[in-house]
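The chain contents come next:
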Amino acid sequence: MENILNLPKNERTVQLELNDPQAEVNLVRANSRWLLWGRGTGKTVGGIAPFMVEVMDAMPGHLGGIFGKSFEHIETNIIPKILLGLTELGYTQDVDYVVCRKPPDDWDRCLYPIKKYDKTIAWKNGTTFQEIGMHQKGTANAFDFQSGIFDEVKYIDPQQLEDEVYPTFRGFANLWGHLPQYLAKIYCTDKMGDYLQLKWILDKRKDMDSKKVQMIFEIEKKLIELNSAIDNANSYQRSLINKRIIALSHRANQLRKGLIHVSEASALDNIQNLGVEWLADKKKRMNGYVFNVAILNKDPEQSQNGFYHGLSSKCFYEPLYNNADLDPELPLIIAMDYQHSVAPLCVCQVNVKVNNRQQLNFINEFYTLYPHGITEAINLFCSYYQHIHNKRVHYVFDQTAIGKRPGAEPLYKIVINTLRANKWNVIENYMGDTPDHFDKYNHINEALIGEKAFPVQFNADKIIKTKISMQGASTKLVGGKTQKDKEYENAGKYPNIDQSETTHFSDVVDQIIWAVEELKLINVKSFTSGIPLR
């Protein structure tokens, strides 16, 4: 089926052929549109430009915002693409709209008073789009917006959106509050970037009501049929068809109000415009990771400059059933990280339950977030394993757990005492000083690819936060040596990032692998029972 977008302009119709994701977005026309599209997919021509025309036409004289990380970024990267898109849609600068200057006196004016037009796109019907650079705090505060365009939204701080931008979407509800376009927003980005910084965008999938989206699809398909049938209908039939069109359109618009629609597209969806040669050239010039994320629109499951480059799908196993990887006759191994914001704990065991060989298996994880802490995390562990017969546990800890705390027990004592209070026999394994990041970078990745005494494997069903933590851990150079970048552990600076998914869990993994594989602190000869499951 050919996807054609019809846009009214000066009593004639402009037709634009759309690829499937573009057609989908322009059929659904949700109040909140998230276009997670790879490079070369036509975000501007098939997404932003039609959105601008739609809200301009639906709410004449309203104020829209064009939001970007800076004014320079907006004017260099965003505005030129929008103008190109408007041209392809048949709209002409200085005829239908003006850019960065006051509109002619005989044009309608925006209902929100505009004092300066140097950073605007002003339309003939008074609708005006104001640039907002997010590099300066409070730049949006002086305005009342009824629509918004957020291109390359991955560069915008989500907390700044919540605190500064969204409160400015208000006003003129008496005129347009009944419309699905009122307070409408379109967000566009590719997925190339740091996983943890992008996660808030990827999580928008959870907020989409897929049933409503599908209902709108079905209604729009019916509307296309009715509009096709009306040409050959007599006057009575036209009357009935028109009533049906009005009723269905009203229903679709009701569904669009407040609806979040997340659309995803890769360059393959636009291959008829890009050409096979373009795709082949990108594949030749880009490394595999960049090509998969930026062009094919795969999720950035691992930081491009990842600390754990040895972590791959081969490191994860799917147990045959719950706790199939646990040998109840063997001791467990645990370690923790000790932070105010989160208390993560990993559970491991050296056994032959997976892959018919003795290996170090990460079989479970537990954590608590502030205001809960170490004791609560240990209690989660104890509750889960309360019924196993052999309550022996190797507790691995480094110097971060033994420091003196005024008026309080050392952290490692809290762990040991809580375990013993729950009838566990605790075997202490003190590592001493934390190894250098560069040494960990080399040796732990060797363990992940199977070059140490025990292959390292992770339970794919239970090791969720740990996986995210490791995949999101990136590197930085300090003194010419590779270090783990722990920037996102700063909860004050990044309040929107889940601390259970930052590098805390990865530090727990480091401790266990280092203690078992490098320091050989744990007597693995005691891990000898069990029957292989596969």
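How each quantity is defined
Residues numbered from 1 in each chain as written. Predicted model: local features only at pLDDT ≥ 70, side-chain atom pairs only at ≥ 80, totals over all residues. Heavy atoms only, no water. Helix = DSSP H or I, 4+ residues; strand = E, 2+ residues; numbered from the N terminus. Buried < 20%, exposed > 50% of the residue type's maximum accessible area, 1.4 Å probe, protein only. Contact = heavy atoms within 4.5 Å. Areas by Shrake-Rupley, 256 points an atom, 1.4 Å probe, with all protein chains shown as cover. Lys, Arg positive; Asp, Glu negative; His and termini not counted. Charge placed at Lys NZ, Arg CZ, Asp CG, Glu CD. Phe/Tyr/Trp six-rings, centres within 6.5 Å; stacked < 30°, edge-to-face > 60°. Pairing = 2+ DSSP bridges. Axes fitted to C-alpha atoms, helices over the stretch in contact; angles between N-to-C directions. pLDDT = per-residue confidence, 0-100. Salt bridge = Lys/Arg side-chain N within 4 Å of Asp/Glu carboxyl O.

**Regarding the overall build of the chain**
Across its full length, the chain holds 16 helices and 19 strands. Referenced to the eigenvectors of the C-alpha coordinate spread, the extents of the chain come out at roughly 85 × 50 × 45 Å. When the 534 residues of the chain are sorted by exposure, 54% land in the buried category. Look at the contacts in the chain between residues 6 or more apart in sequence, and 71% of them connect residues 24 or more apart. Total accessible area computed for the chain in this model is approximately 24400 Å², and 49% of it derives from carbon and sulfur atoms. Charged side chains of the chain number 62 positive and 64 negative; the gap between the two group centres comes to 2 Å.

**Notes on the packing of aromatic side chains**
Enumeration over the complete set of coordinates arrives at 28 aromatic pairs. When the ring of Phe 316 is compared with that of Phe 458, the centres are 5.4 Å apart and the planes differ by 35 degrees; the resulting orientation is tilted. Within this pair, whereas Phe 316 is found in strand 11 (residues 316-317), its partner Phe 458 is found in strand 17 (residues 456-459), the two being separated by 142 residues in sequence. Neither residue differs from the other here; Phe 316 and Phe 458 are each classed as buried.

**Here we look at the environment of Asp 108**
Of note, Asp 108 is situated in the loop between strand 5 (97-99) and strand 6 (120-123). Beyond its immediate stretch of four places on either side in the chain, Asp 108 contacts Trp 123, Lys 124, Asn 125 and Gly 126.

**Some points on the pairing of strand 9 (residues 184-189)**
When you tally the buried positions in strand 9, you get 6 out of 6 residues, the bulk of the element. Here strand 9 shows no split at all, with Ala 184, Ile 186 and Cys 188 on one side and Lys 185, Tyr 187 and Thr 189 on the other all buried. In this sheet, strand 9 lies alongside strand 3 (residues 32-37) in parallel orientation, the contact comprising 5 bridges. Within the sheet, the bridge partner assigned to Ser 32 lies in strand 9 and is Lys 185.

**Topic: the sheet that holds strand 8 (residues 147-151)**
A sheet is described by the order of its strands in space; here 8 strands give the open sequence 5-6-7-4-8-9-3-10, paired in mixed fashion. Each having just a single partner strand, strand 5 and strand 10 (260-265) make up the two edges of the open sheet. Averaged over neighbouring strand pairs, the angle between their axes works out to 15 degrees when direction is ignored. Note that strand 8 and strand 9 share 5 bridges and pair parallel. Bridge pairing in strand 9 places Ser 147 opposite Ala 184.

**Concerning the environment of Ser 235**
Along the chain, Ser 235 falls in helix 8 (residues 235-256). Sequence spacing of Ser 235 and Thr 475 is 240 residues, and the spatial spacing of their C-alpha atoms is 71 Å.

**Topic: the confidence of the model for the chain**
Looking at the chain, pLDDT values average 89 and 95% of them are 70 or higher. Contacts from residues 8-12, a stretch scored under 50 in pLDDT, to residues over four places away or in other chains number 8 contacts.

**Observations concerning the pattern of salt bridges**
Oppositely charged side chains can form a pair if their charged atoms are brought close together. Counted by the stated rule, this structure contains 32 salt bridges. For Asp 144, the salt bridge identified is with Arg 170, shortest N-O distance 2.4 Å. With Asp 144 in the loop between strand 7 (128-133) and strand 8 and Arg 170 in the loop between helix 4 (158-165) and helix 5 (173-176), the pair connects residues that are 26 residues apart, well separated along the chain. Classification of Arg 170 as partly exposed rests on a relative accessible area of 35%. Note that Lys 222 is salt-bridged to Glu 225, the shortest N-O span being 3.7 Å. Of the two residues, Lys 222 and Glu 225 are both situated in helix 7 (residues 210-229); the distance of 3 residues between them amounts to about one turn of the helix.

**Topic: the sheet that holds strand 11**
Ordered by their spatial adjacency, 7 strands build an open sheet running 11-17-14-13-12-15-16, and the pairing between neighbours is mixed. The open sheet has two free edges, formed respectively by strand 11 and strand 16 (425-430), since each of these has just one partner strand. Across 6 bridges, strand 15 (residues 392-397) lies against strand 16 in parallel orientation. Residue His 394 lies in a different strand from strand 16, and its bridge partner there is Ile 427. Here helix 12 (residues 374-384) sits on the sheet and contacts strand 12 (332-336), strand 13 (342-351), strand 14 (359-369) and strand 15; the angle it forms with strand 14, its principal contact strand, is near 130 degrees.

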